[in-house]
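# Geometric and topological summary
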Amino acid sequence: MAAPFELTGGTGRVGVSVGAHLAAPGASPDEALGAADRSMYGVKQVRRSERARPAP
């Protein structure tokens, strides 16, 4: 997955995110998926901001 591949006009990369989420009791599949998505994207945002900080 880490190797770049050729595209018309440049190169591309594919990334993968994998996670687990424990749904609240009684949550519908859509509610559980929505909560999992929000959690995953929240973690990604934190990691991006940590990488953007200058080194001390």
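Since this is a predicted model, take the numbers as computed values, not measurements. (Residues numbered from 1 in each chain as written. Predicted model: local features only at pLDDT ≥ 70, side-chain atom pairs only at ≥ 80, totals over all residues. Heavy atoms only, no water.)

## Concerning the overall build of the protein
The helix and strand tally for the protein stands at one helix and two strands. Counting from the amino terminus, the protein carries its helices and strands in the arrangement β-β-α. For a compact globule of 56 residues, the expected C-alpha radius of gyration is about 10 Å, and the protein comes in at 17 Å, more than 25% above that figure. Its C-alpha atoms give the protein principal-axis dimensions of about 50 × 40 × 15 Å. Per-residue burial over the protein gives 5% buried out of 56 residues. Accessible surface, the protein: about 5100 Å² in total, of which carbon and sulfur atoms supply 58%. (Helix = DSSP H or I, 4+ residues; strand = E, 2+ residues; numbered from the N terminus. Rg over C-alpha atoms; globule rule 2.2 N^0.38 Å. Buried < 20%, exposed > 50% of the residue type's maximum accessible area, 1.4 Å probe, protein only. Areas by Shrake-Rupley, 256 points an atom, 1.4 Å probe, with all protein chains shown as cover.)

## Description of the environment of Gly 9
For Gly 9, the location among the structural elements is in the loop between strand 1 (5-7) and strand 2 (10-12). Between the C-alpha atom of Gly 9 and that of Ser 49, which follows or precedes it by 40 residues, the distance is 29 Å.

## Thoughts on a nonpolar patch on the surface
Nonpolar side chains collect at one region of the surface, where Phe 5, Leu 7, Val 14, Val 16 and Val 18 lie side by side and expose about 480 Å² of accessible area between them. Note on placement: Leu 7 falls in strand 1. Residue classification places Leu 7 among the partly exposed residues on the basis of a relative accessible area of 45%. (Patch = residues over 30% accessible without salt bridge, like charges linked within 9 Å, V, L, I, M, F, W, Y side chains within 5 Å. Salt bridge = Lys/Arg side-chain N within 4 Å of Asp/Glu carboxyl O.)

## Re the environment of Tyr 41
Tracing the backbone shows Tyr 41 in helix 1 (residues 29-52). Remark: the alpha-carbon pair of Tyr 41 and Gly 15, spanning 26 residues in sequence, is separated by 14 Å.

## A few points about the environment of Ser 39
Assignment of secondary structure puts Ser 39 in helix 1. Overall, the relative accessible area of 43% leaves Ser 39 in the partly exposed class. As for Ser 39 and His 21, which are separated by 18 residues in sequence, their C-alpha atoms are 8.5 Å apart.

## Side note on the confidence of the model for the protein
On average, the protein scores 85 in pLDDT, and the residues at 70 or more come to 93%. For the protein, strand 1 is the element with the lowest average pLDDT, namely 84, and helix 1 is the one with the highest, namely 88. (pLDDT = per-residue confidence, 0-100.)

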